[in-house]
Amino acid sequence: MFKAQRLKANRGRALQFTFEGTTVTAYDGETVATALLAAGVTAFNVTRGGEPRMPFCNMGTCFDCAVCVNGHSLVRACLTDVSSGMQVNRQEGK
Amino acid sequence: MHDLGIVGAGPAGMAAALAVADMGFSVIVVDEQARAGGQIFRRPPEAWGERHGVYRPYAWARDLIERFEDHPKITAAFRATAFGVLRGNDKDDRASLELAVSSPDGGQRVSARRLLLATGAYDMPVAFPGWTLPGVMTAGAIQSLIKSQKLLSGKRVVLAGSHPIQLILAGQLLDAGADIVEIALARDLPGLKEMARGLPAVPGHVSIFTEAVRALSKIMRHGVPIRWRTVVSEATPEDTGLRVRLETVDPSWLGTGESHLHEADILVLGYGFTPSTELARQAGCEMKWDSAGGGWTVLHDARFQSTAPDIFVAGEPTGVAGAERAWAEGHIAGLFIAASLGAKLDDRALSHSTRRLIRAGRFSDVMQTMFEPKRKALAELSRQDETVICRCEEVRNRQIEDALQNNPFIQSVNAVKLECRSGMGVCQGRYCEGTVAARIGNAREASIEASGYYNAHLPVKPVALQVYRDISKD
Ligand SMILES: Cc1cc2nc3c(=O)[nH]c(=O)nc-3n(C[C@H](O)[C@H](O)[C@H](O)COP(=O)(O)OP(=O)(O)OC[C@H]3O[C@@H](n4cnc5c(N)ncnc54)[C@H](O)[C@@H]3O)c2cc1C
Ligand code: FES
């Protein structure tokens, strides 16, 4: 599977959140989509048909990046900024 | 109550906001993104300490963004999604329009005397076997991740589509260190005659051509193959990434059966853009079919007023025509909105912007004709029974074909939606409408236009239950 790569940039301060209970390090100003792509996550959500989905448009129109954030479902990872201590989970049966 | 509420802080929304705020009216702008700029001027987050991104070749962007951000009469809310337009009781003889807005803090109603929908465009979807796989992404996704998040989505990249943005993007990918396996473009290399017809586009747009030449020379320096008359016809998952099948097409973009395979981490799709019109549809604006302009566009008059009272529209929803034209449309719309609120129409500013509009139009007309997607041919790429047409509800081609065969009276995308749920999912049909319309057109020997467009209802983008509760409070 592919893994995205952070390019050189002055990022914000480092912070931690969890995805499926595992700690992920990200930087202030990043979106949840960026942080999960860089962490090598291979399914943001799983469709009712059992297919893994990942960001497709990165502009809020397709909903393929949907995750659960702090208990709220169907949150678009590409439009959500990371914050320290955030609990992100895979969305099942989008 | 604000004088004007705007959805979208791209070039169109920003130009309109400034035109209206400069006359002393109050303006509120909502946008889902983190900062102003729209799709074209996506820039790194504020927390990274840089005010600006790279806006080449649009030198005017810097000044536009600064004036917009610093204007005392403009309030802007980011990470805020407008999910519906509400029309309330007219109190005090004033039109009462409200935007239903959802943000991480909850729901809110924003009222304004006039609304401007400047919602931009998104990458045109083209379905084919494997287009829902992880690693298949749109040009807009790859570009915005590089520009605003400094993230390279994968190392080995295949680009496929028909829009010249693929060449600009290839240049950006090479700068970011990607290995481009191949660039596949559906159309033929433009011939001399076609180039000559394109000449009127040049004056005033030299910097755009310079940018394209810069990207092309980078592509050549890296020895990246560009294959014309080629489309992506299939992607399959592999342990190490994607296997991508590229197929040669004839001049009408129909497959010839001749194909070759590549392995890649990322497949980038770029066929052009589709106007974002769901809010306009929900608000009751009449639509107009314009294939070269990206599909369904919002009908408007010379003042950029839609057919729905007090609702204006500017930028890509009137037809995808690029950043320059979006700016000019936004500015003109702003001048007329200010006039409708009681200001004197600024004739000098209007004639200046109209000249810019016409100049930008010469460029976009040529681009639109040169790169208009052949929609019916592209829709043939999803003809296999099991190919997913509606990504959200996972409706497959077979179900749509069956519905059309079993119900000879089905003539519209809305009827197909009721019959097999395509377009009922979370994206609200944005990604299947075109393919379904082409299928109907094909089955009934009618134009794509004749199958109409999906109706849009509040919420045009799904929101949490709490957001509804919030907006129901008085
Ligand atoms: C990836 C990409 C690359 C492009 N490259 C070029 C280029 O090189 N040259 C060129 O001329 N054109 C380019 N375009 C076309 C481009 O869209 C326009 O040129 C320009 O950005 C249009 O300006 P606009 O103001 O109409 O819309 P946009 O700039 O798209 O702005 C629309 C804004 O509305 C917001 N929005 C939409 N719906 C909602 C909602 N419901 N709630 C809240 N906010 C909402 C979006 O977040 C967005 O910020 C590109 C487009 C894309 C997608
Ligand atoms: S990737 Fe499409 S909505 Fe987030």
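Above this note sits the structure.
These figures come from a predicted structure and were not determined experimentally. (Residues numbered from 1 in each chain as written. Chains lettered and ligands numbered in written order. Predicted model: local features only at pLDDT ≥ 70, side-chain atom pairs only at ≥ 80, totals over all residues. Heavy atoms only, no water.)

**Student:** Please give an account of the overall build of chain B that cites residues and values.
**Tutor:** Scanning chain B from N- to C-terminus turns up 14 helices and 22 strands. Across the 474 residues of chain B, 60% fall into the buried class. Counting only contacts in chain B whose residues sit at least 6 apart along the sequence, the fraction spanning at least 24 positions is 65%. For chain B, the accessible surface area stands at approximately 19,000 Å², while carbon and sulfur atoms represent 51% of it. (Helix = DSSP H or I, 4+ residues; strand = E, 2+ residues; numbered from the N terminus. Buried < 20%, exposed > 50% of the residue type's maximum accessible area, 1.4 Å probe, protein only. Contact = heavy atoms within 4.5 Å. Areas by Shrake-Rupley, 256 points an atom, 1.4 Å probe, with all protein chains shown as cover.)

**Student:** Got a sec to walk through the sheet that holds strand β10 (residues 156-161) of chain B? Specific residues and values, please.
**Tutor:** Residues and elements named next belong to chain B. Strand order in the open sheet formed by 5 strands is β8-β16-β10-β11-β12, with parallel pairing between adjacent strands. Of all the strands in the sheet, just β8 (136-138) and β12 (226-227) have a single pairing partner and so form its edges. With 6 bridges connecting them, β10 and strand β11 (residues 179-185) associate as parallel partners. Each residue of the ladder has a partner; that of Arg156, found in β11, is Asp179. Along the sheet face, helix α3 (residues 139-149) touches β8 and β16 (266-270) and points at about 80° away from the line of β8. (Pairing = 2+ DSSP bridges. Axes fitted to C-alpha atoms, helices over the stretch in contact; angles between N-to-C directions.)

**Student:** Summarise the site of ligand 1; cite the residues concerned and give the values.
**Tutor:** Residues and elements named next belong to chain B. As a matter of local geometry, ligand 1 sits amid 30 residues, with Asp31, Tyr58, Ala82, Glu316 and Ala323 nearest to it. A distance of 2.6 Å separates an oxygen atom of ligand 1 from a polar atom in the side chain of Asp31. Protein burial of ligand 1: of its 960 Å² of free accessible surface, 92% is covered by the chains. Taken together, the elements giving at least two residues each to the shell around ligand 1 come down to α1 (11-21), β2 (27-31), β4 (81-87), α3 and α8 (323-340). Across the shell around ligand 1, the residue classes tally to 15 nonpolar, 12 polar and 3 charged. (Near = heavy atom within 4 Å. Polar contact = N/O pair within 3.5 Å; in protein donor to acceptor, adjacent residues only side chain to side chain. Nonpolar A, V, L, I, M, F, W, Y, C, P; charged D, E, K, R; others polar.)

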